[in-house]
Amino acid sequence: MIKKTINKFLHDNLPNLRIAVIGDLMVDRYVFGDVNRISPEAPVPVNRVKHMKEVLGGAANVAANLANLDVHVYVGGVAGQDTHGNLLQDLLDSNGIDKSGVVISNERSTITKMRILGDRQQMMRLDFETVRDVDQQEEEALIRWLTILCQKGLDGIVISDYGKGVCTDTLLRQIFDLANQYMIPTIVDPKGAQWNKYDGATFITPNVKELSERVGYSIRNDDDSIVTAAKEALDTNHIQYIIATRSEKGISVIARDGRIWHNPATQQDVFDVSGAGDTVVATMICSIAANLSMRTALHVANGAAGIVVSKVGTYPIHRQELIDLWMSLQEGKSIEKSLYSWEEMKTLVRQWQDQGDTVVFTNGCFDILHRGHITYLQEAAQLGDRLIIGLNSDASVRRLKGETRPLVEGEDRAYLLSALGCVDGVVLFDEDTPSQLLETIRPNILVKGGDYKVDEVIGREFVDSVQILSFKDGYSTTNVVNKIANLVKDNKL
């Protein structure tokens with residue numbers, strides 16, 4: 001299931017997404033050189049400059065990440081009528097980013113950060129900027145631009161706040177109102193300890209330092225400390241999810257409803273973390289807009305961040321790099337089969353869980369596969385990353401349904417189920433209930449169909465949660481069997 005989901009995301013979803021980015025637009029200038037001596041004029045290293053380059057920075061780097069993922073990107077912000085402003089617009093054009101939301105002002109300078117690197121190490125950063133809040137006229141221009149985009153159809157909105165004056169309280173309040181009106185998910189890269197202006201956002205993405213600033217004390221970078229601080233922040237802000245970026249510890253997501261996801265970082269040689277947070281923001285909003293599960297979204301974001309930190313300087317992730325990474329991860333994986341033993345399935349479940357997958361389990365006879373079964377299984381698969389089926393053996397079906405059943409033998413039923421794209425594995429059990437099987441394999445989510453109450457579901461003590469799905473009306477194996485019997489009785493078959 002997860003293989004087809006990620007393939008569809010990388011090949012089909014990304015090129016069709018429409019994402020708007022609003023925030024502090026910048027130019028990042030890099031000066032590369034060699035350092036071999038100390039200046040005779042002062043005790044400072046001498047950097048012999050070899051070459052320079054300019055790339056998009058700040059909110060514009062988020063847009064560049066999205067553009068290089070082949071997403072349709074629309075950027076909004078302010079820039080000066082100056083040399084750096086012209087460079088910013090040229091860079092936006094060269095990246096294929098729609099710049100119709102960039103408000104040009106004669107009264108401000110374009111924010112530029114110059115980084116001096118010697119032998120691949122950053123030695124110094126020089127910032128050229130005039131920081132002031134956008135005025136009423138600039139706010140109105142940005143809201144007019146965003147309103148038109150919302151009316152045409154957006155899949156997500158990114159707010160990239162670097163504290164340079166674009167993300168004012170009044171502008172953000174109007175943005176969140178628009179997003180809620182048009183049911184568009186929003187993700188915020190925050191700045192500062194005061195998060196009240198972000199109330200109404202769907203997601204917010206602080207790093208450990210930013211989360212510490214928000215709660216007012218230093219947080220250890222361990223799971224429990226991050227979760228405790230995130231819940232404290234959620235209790236006092238109207239935000240649905242906190243996505244905490246944790247450097248070498250990966251990413252954690254804490255939801256307002258209490259759900260928690262942890263995903264370890266992809267191991268890479270780290271040369272420069274510049275822009276890695278922007279990459280996480282870009283890949284997360286794409287994954288959310290494409291309706292990926294949270295667990296799958298975290299895999300994508302961590303993989304993208306791992307690629308970016310292995311580069312020097314601000315570097316936007318490319319879709320082909322994600323495709324190549326995904327293909328490399330598929331090499332050497334076990335060959336899929338139609339039926340697993342209990343021990344084989346137990347081992348698979350542990351492998352999937354160790355790599356961060358949420359494993360969903362459901363069970364049944366599935367005698368004569370029909371549309372109702374397919375719809376139910378597809379809905380169950382959407383609850384996690386892997387779907388496995390506990391299939392009643394022939395003897396078990398006979399005890400439950402009578403001596404004339406099953407009509408289709410167990411191995412054949414398993415083969416048909418395994419052929420479904422949403423199913424990752426099938427395992428037989430001989431008992432009347434799957435309780436012993438659940439105790440052995442211990443998936444994350446147990447799914448039942450019908451009118452069960454959670455506290456009535458057998459085996460619930462062996463999983464993290466139970467989900468109840470309704471069956472599709474008008475479809476059942478009994479109906480199919482009765483129809484065939486009536487046709488035979490009437491000599492019509």
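All figures in this text were calculated on a predicted structure; none of them were measured in a lab.

Here is what the cut-offs are and how they apply
- Residues numbered from 1 in each chain as written.
- Predicted model: local features only at pLDDT ≥ 70, side-chain atom pairs only at ≥ 80, totals over all residues.
- Heavy atoms only, no water.
- Helix = DSSP H or I, 4+ residues; strand = E, 2+ residues; numbered from the N terminus.
- Buried < 20%, exposed > 50% of the residue type's maximum accessible area, 1.4 Å probe, protein only.
- Contact = heavy atoms within 4.5 Å.
- Areas by Shrake-Rupley, 256 points an atom, 1.4 Å probe, with all protein chains shown as cover.
- Expected span 1.5 Å × (residues − 1).
- Pairing = 2+ DSSP bridges.
- Axes fitted to C-alpha atoms, helices over the stretch in contact; angles between N-to-C directions.
- UniProt positions renumbered as here; feature names shortened; annotations may be inferred.
- Core = buried A, V, L, I, M, F, W, Y, C linked by side-chain atoms within 4.5 Å.
- Salt bridge = Lys/Arg side-chain N within 4 Å of Asp/Glu carboxyl O.
- Polar contact = N/O pair within 3.5 Å; in protein donor to acceptor, adjacent residues only side chain to side chain.

Things to note about the overall build of the chain
When helices and strands are counted, the chain shows 16 helices and 18 strands. Each of the 493 residues in the chain was classed as buried or not, and the buried ones make up 53%. Residue pairs in contact within the chain that sit at least 24 positions apart in sequence constitute 69% of those at least 6 positions apart. Accessible area of the chain: about 23100 Å², with a carbon and sulfur share of 48%.

Structural notes on helix α3 (residues 83-94)
For α3, built from twelve residues, the straight-helix expectation of 16 Å at 1.5 Å per residue is met to within 8% by its first-to-last C-alpha distance of 17 Å. Every buried residue belonging to α3 is among H84, G85, L87, L88, Q89, L91 and L92, and all of these are buried. Looking at the buried side of α3, the elements it contacts are β2 (25-38), β3 (45-58), α2 (59-68), β4 (72-80), β5 (98-105) and β6 (111-118).

Considerations on the sheet that holds strand β8 (residues 156-160)
Strand order in the open sheet formed by nine strands is β5-β4-β1-β8-β9-β10-β11-β12-β13, with mixed pairing between adjacent strands. The two strands at the open ends of the sheet, each matched to only one other strand, are β5 and β13 (260-263). In terms of strand pairing, β4 meets β5 through six bridges, oriented parallel. Residue V78 lies in a different strand from β5, and its bridge partner there is V103. On the sheet, helix α5 (residues 169-181) packs against β1 (18-23), β8 and β9 (186-189) and is oriented at approximately 165° with respect to β8.

Quick look at unusual backbone geometry
Where the residue is not glycine, phi is negative for most of them; where a peptide bond is considered, it is trans in most cases. The step from R405 to P406 runs through a cis peptide bond, and the omega angle for that step is 5°. By secondary structure assignment, the location of P406 is in the loop between α13 (394-401) and α14 (410-418). Even without a glycine there, the phi angle at N291 is positive, about 65°. Considering the arrangement of structural elements, one finds N291 in the loop between α8 (276-289) and α9 (294-308). Judged by relative accessible area, N291 falls into the exposed class, the value being 62%.

Details of the UniProt feature "binding site: ATP" (unreviewed entry) in the chain
UniProt annotation of "binding site: ATP" (unreviewed entry) refers to N207, V208, K209 and E210 when read in the numbering used here. Setting aside its immediate chain neighbours within four residues, V208 contacts I219, N221, I226, T245 and R246. Exposure remark for K209: the relative accessible area of 58% places this residue in the exposed category.

Structural notes on the pairing of β13
Taking every second residue as pointing to the same face, the buried face of β13 carries W261 and N263, while none of I260 and H262 on the other face is buried. Pairing geometry for strand β12 (residues 251-255) and β13, over four bridges, is antiparallel. Bridging across to β13, I251 finds its partner in N263. The hairpin formed by β12 and β13 contains four residues between the paired strands, and G258 there has a positive phi angle of roughly 100°.

What about the nonpolar core?
Nonpolar side chains tend to gather and get buried jointly when the protein is soluble and globular. With 60 residues, the main nonpolar core has V21, L66, V71 and M284 as its most contacted residues. Broken down by element, the residue count for this core peaks at nine residues, all from α9. Residues contacting V21, with those up to four places away along its chain left out, are A59, V62, A63, L66, V73, Y74, V75, G76, W145 and V158. The next biggest cluster of nonpolar side chains, apart from the first, holds 43 residues, and it includes V78, I157, I159 and C167.

So, the pattern of salt bridges
Scanning all chains against the criterion turns up 19 salt bridges. The salt bridge partner of R259 is D257, with a shortest N-O separation of 3.0 Å. Accessibility expressed as a relative area gives 41% for R259, which makes it partly exposed. The partner of R405 in a salt bridge is D367, and the shortest N-O contact between them spans 2.9 Å. Within this pair, whereas R405 is found in the loop between α13 and α14, its partner D367 is found in the loop between β14 (359-364) and α12 (371-381), the two being separated by 38 residues in sequence. The same class applies to R405 and to D367, which are both buried.

Some thoughts on the side chain of S225
Relative to the assigned elements, S225 resides in helix α7 (residues 223-235). When neighbours within four sequence positions are excluded, S225 is seen to be in contact with I219 and R220.

Looking at the side chain of T112
Within the secondary structure, T112 sits in strand β6. Of the residues examined, T112 reaches a relative accessible area of 1% and is grouped as buried. Of note is the side chain of T112, whose polar atom sits 2.9 Å from the side chain of H84. If sequence neighbours within four positions are ignored, T112 has contacts with V27, H84, L126, D127 and F128.

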